[in-house]
Amino acid sequence: MNQAMTAVIKKDFKGITSNRRLFASLLIVPLALMIILPSIFIFMIHFIPDDPDVQKLLDLIPRLDPSVSIELTVAGLIVNYILPVFFLIIPIMAASIMAASSFVGEKEKHTLETLLYSPLSAGQIFRAKVMASFLLSMTVSMISFLAMFAVVETEVFFLMGSLLLPDINWLIVLLLLSPSVSLIAITLIVRGSAKAQSVEESQQSAVFLIIPVLLLIVGQFSGVMLLNVWILLGLSILCAAAAWLLMQRALGKFTYEMLLR
Amino acid sequence: MQTVILENLSKTYPSGKQAVRQISLSLNSGEIYGFLGPNGAGKTTTVKLLTGMLTPSGGCCSVLGTDPALNPAKTHENMGVVTEHAQMYDNLTGFDNLIFYASVFGIASEEGKKRADTLLRQLGLWEAADQKLSAYSTGMRQRLSLARALIHRPKVLFLDEPTSGLDPESAQNVNHLIRELAENENVTIFLCTHQLRYAQEICTRFGLIENGRLLASGTLQELQAKTLPGALLKIRADHVPADLTLNRDTDGQYEIKIRSEEDIPAIIRRIVEAGGNIYSAAAKRPTLEDIYFSLTAQKKEEEV
């Protein structure tokens, strides 16, 4: 990584933070998914009415440790099984906002050509831009995770009188699945950016990337396919391999001519 | 020293459009080469080929000994480019934009600041240095683009319509800077424009291009000798002898075609000896515009 590439990465970060519209959309999704949604779940669990029907439903939930209250068990299921899947939306969203604005946005504003006249090769520009999108996506994901964790723990502690430990699912999601998912998102957007003529167009097509995650969410809630550590680990490795393959192919195609078309 | 060399350079776009057809020419250091032609003649495509943005479909070119198609990043190290489509970041100030490009070119931060400072002053942008680019006028952007292209002290400069959108004063400023670069720092300047009068004022050599073909190349004198030899003598006089075949132009001046300036004394002597009064006499050499129109007319005739 040389000085020029670092300068491009810094500039891309500044471009996002100084654009109020982009920065707001970068904040709203994590806020909704990682602060508001978990809080709603926790409060709902705590304030469940003593309805016999609801009680019957709760009795169906498997209780590994009978000494733990039913409230805490449900909260644990939500935090460790439901939230990780929701969490995956964040790296995709952050990566797509940044990648769309950094490739198509530069093309749209005619600044990409200027950058191409620099002594950076097309491949170096590509790597700098992917790196910027990836770093942003990982930063936003980490901050979202820490914020969610702080909020959920506080709520659980005050409402249910105990702390909840995140299990190994989270570790896999944070360290493996979300980095590879965000790389897939970035590469797909970059590939599309050769054709897309506006940032909006590029962002719209990025939305489709969320569909597989939505399917996972549905599967998780309905119990069709409950993610356990092994499934999660397998999925992560699959995604990482896909990300690497896509990246290599995109890097080969990345030429000046393709970009300025 | 030859800095830019084009050998049978051709570019045909995938759509089938032949934008550049077998152009061969070379530029020396310290030269301001005017690459002239109407819109769509292939000027911008030629610049894109020379800067490595496009790969030629035939022939080859080199800038400072490097083929831009094979090693664009290396050629860019010593090359500055100003084109209409090479814009800068609206969310940064003029100064910050220059600093950004300085660091992209690997210039140390302190030196980059100094260089940006000097260039902003030279181009009359110092007062707007801390304004965001979104507040800049077209002319200011144009001048900042030139500053950006010069930030790394390039040895070859490609300018595509550098003074379009500039007011007369800034244009003069820019021209002065371009001349200084060529004369004092030996920078090679490849200047594309469709404004022939402007080109005649600033360039030392010219290439005339139409439909992707190079019609002629050379200094003004060479082009004059090649296409429109001789000159037009304009005389304001009265009592001109009737046997002298002179045409009268719209201003009432007499016009006569001459082969060279050697012919003038004889003509004047005859008028004076015949009792005529001469108020003024001037030989008009063909301008770049005259040459260009004559060349394109010739081309059309050939095609017919």
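Residues numbered from 1 in each chain as written. Chains lettered and ligands numbered in written order. Predicted model: local features only at pLDDT ≥ 70, side-chain atom pairs only at ≥ 80, totals over all residues. Heavy atoms only, no water.

A.B. asks: I tried to follow the sheet that holds strand β3 (residues 32-36) of chain B on my own but got confused; where do I start?
C.D. replies: Residues and elements named next belong to chain B. An order of β5-β6-β7-β3-β8-β9 is seen for the six strands of this open sheet, with the pairing classed as mixed. The open sheet terminates on both sides in strands that have one partner only, identified here as β5 (79-82) and β9 (213-218). Within this sheet the neighbouring strands show an average axis-to-axis angle of 15 degrees, counted without direction. Of the strands in this sheet, β3, β5, β6 (156-160), β7 (188-193) and β8 (205-210) are in contact with helix α1 (residues 43-50), which crosses β7 at around 150 degrees. Sheet strands touched by helix α8 (residues 220-227): β8 and β9. Its angle to β9, the strand with the most contacts, is close to 115 degrees. (Pairing = 2+ DSSP bridges. Helix = DSSP H or I, 4+ residues; strand = E, 2+ residues; numbered from the N terminus. Axes fitted to C-alpha atoms, helices over the stretch in contact; angles between N-to-C directions. Contact = heavy atoms within 4.5 Å.)

A.B. asks: What's the story with the side chain of Thr 188 of chain B in this structure? I'm lost.
C.D. replies: The topology assignment puts Thr 188 of chain B in strand β7. Here Thr 188 of chain B is in contact with Thr 3, Val 4, Leu 27, Asn 28, Ser 29, Gly 30, Glu 31, Lys 155, Val 156 and Leu 157 of chain B, once residues within four sequence places are set aside.

A.B. asks: Got a minute to help me understand the interface of chain B and chain A in this structure?
C.D. replies: Tallying the contact residues gives 29 residues for chain B and 24 residues for chain A. With both sides pooled, the region where chain B packs onto chain A buries about 2,300 Å², and carbon together with sulfur makes up 63% of that total. The largest share of the area that chain B buries against chain A comes from Met 53, Tyr 89 and Val 104 of chain B, three residues that together contribute 26% of it. Seen at the junction of chain B and chain A, the total is one salt bridge. Among the ionic pairs, Lys 14 of chain A bridges to Asp 96 of chain B, the shortest N-O distance being 3.9 Å. Counting every contact that joins chain B to chain A gives nine residue pairs in polar contact (both at pLDDT 80 or more). (Buried area = accessible area lost by both parts, 1.4 Å probe. Salt bridge = Lys/Arg side-chain N within 4 Å of Asp/Glu carboxyl O. Polar contact = N/O pair within 3.5 Å; in protein donor to acceptor, adjacent residues only side chain to side chain.)

A.B. asks: For this particular structure, what's the right way to read a nonpolar patch on the surface?
C.D. replies: A cluster of nonpolar side chains, namely Leu 31, Ile 36, Ile 40 and Met 44 of chain A, defines an oily patch on the protein surface of about 390 Å² accessible area. Residue classification places Ile 40 of chain A among the partly exposed positions, given a relative accessible area of 44%. (Patch = residues over 30% accessible without salt bridge, like charges linked within 9 Å, V, L, I, M, F, W, Y side chains within 5 Å. Areas by Shrake-Rupley, 256 points an atom, 1.4 Å probe, with all protein chains shown as cover. Buried < 20%, exposed > 50% of the residue type's maximum accessible area, 1.4 Å probe, protein only.)

A.B. asks: It is not clear to me how the pairing of β8 of chain B should be interpreted in this structure. Could you clarify?
C.D. replies: Walk down a regular strand and you will see the side chains alternate between the two sheet faces. All names here are of chain B. Counting buried residues along β8, six of its six residues qualify, which places the element largely inside the surrounding structure. Residues Arg 205, Gly 207 and Ile 209 line one face of β8 and the alternating positions Phe 206, Leu 208 and Glu 210 line the opposite face, and both faces are buried. Judged from the four bridges that link them, β3 and β8 form a sheet pairing that is parallel. Residue pairing for β8: Phe 35 is matched across the bridge by Gly 207. When β8 meets β9, the two strands line up antiparallel, connected through five bridges. Looking at the pairing, Ile 209 lines up with Leu 214 of β9. A loop of two residues connects β8 with β9, the two strands running antiparallel in sequence, and Asn 211 in this loop sits at a positive phi of about 50 degrees.

A.B. asks: Help me understand the layout of surface pockets in this model?
C.D. replies: Once rolled over the atoms, a probe with the size of a water molecule shows which space is left empty. Volume-wise, the largest pocket comes out at about 920 Å³. Looking at the largest pocket, it is lined by 29 residues, and the ones nearest its centre are Ile 61, Thr 73, Val 74, Leu 77 and Ile 78 of chain A. Secondary structure elements with two or more residues in the lining of the largest pocket: α2 (20-46), α3 (52-59), α4 (70-87) and α10 (210-222) of chain A. Among the elements that line the lining of the largest pocket, the one with the most residues is α4 of chain A, at nine residues. Taken as a whole, the second largest pocket holds about 500 Å³ of empty space. If you trace the second largest pocket, you find 24 residues lining it, with Thr 44, Glu 84, His 85, Asp 160 and Glu 161 of chain B closest to the centre. If you list the elements that add at least two residues to the lining of the second largest pocket, you get α1 and α5 (138-150) of chain B. Residues belonging to the lining of the second largest pocket are distributed by class as follows: three nonpolar, 13 polar and eight charged. (1 Å grid on protein atoms, 1.4 Å probe; cavity = no way out; pocket = protein on both sides within 12 Å on 5 of 7 lines; lining within 4 Å. Points joined across faces, edges and corners; volume = space filled by probe spheres on them. Nonpolar A, V, L, I, M, F, W, Y, C, P; charged D, E, K, R; others polar.)

A.B. asks: So what exactly am I meant to see when it comes to the packing of helix α7 (residues 122-160) of chain A against helix α8 (residues 168-193) of chain A here?
C.D. replies: The packing of two helices is summarised by the inter-axis angle and the distance between the axes. All names here are of chain A. Packing of α7 against α8 leaves a shortest axis separation of 10 Å and a crossing angle of 145 degrees. Considering only the axes of α7 and α8, their crossing is right-handed. Every residue of α8 that contacts α7 at Phe 126, Val 130, Ser 133, Phe 134, Ser 137, Met 138, Met 142, Phe 145 and Met 148 is listed here: Trp 170, Leu 174, Ser 178, Pro 179, Ser 182, Leu 183, Ile 186 and Val 190. Among the residues making up the contact of α7 with α8, the classes are represented as 13 nonpolar, four polar and no charged. (Left-handed = near helix turned anticlockwise from the far one by under 90°.)

A.B. asks: Is there a simple way to explain the pattern of salt bridges in this structure?
C.D. replies: Residues and elements named next belong to chain A. With the rule as written, the count across this model stands at 10 salt bridges over all chains. Between Glu 106 and Lys 11 there is a salt bridge whose closest N-O contact spans 2.6 Å. With Glu 106 in helix α5 (residues 89-108) and Lys 11 in helix α1 (residues 3-17), this residue pair connects regions lying 95 residues apart in the sequence. The pair Glu 106 / Lys 11 is uniform in exposure class, with both members buried. Look at the salt bridges and you will find they share partners, linking Lys 11, Asp 12, Glu 106 and Lys 129 into a network.

A.B. asks: Is there a simple way to think about the sheet that holds strand β13 (residues 277-284) of chain B in this case?
C.D. replies: Paired through their backbone hydrogen bonds, the strands of a sheet run either parallel or antiparallel. All names here are of chain B. Pairing within the open sheet is antiparallel, and its four strands lie in the order β11-β12-β10-β13. Edge positions in the sheet fall to β11 (247-248) and β13, since each of these pairs with one other strand and no more. By the bridge criterion, five bridges tie strand β10 (residues 231-238) to strand β12 (residues 254-258) in an arrangement that is antiparallel. Among the inter-strand pairings, Lys 234 is bridged to a residue of β12, identified as Glu 255.

A.B. asks: In this structure, what is going on with the domain arrangement of chain B? I would like to understand it.
C.D. replies: It is common to report an interface's size as the accessible area lost on association of the parts. Taken domain by domain, chain B holds domain 1 (2-224) and domain 2 (230-285). Look at where the C-alpha atoms of domain 1 of chain B and domain 2 of chain B centre, and you get two points 44 Å apart. (Domains from an automatic or database assignment.)

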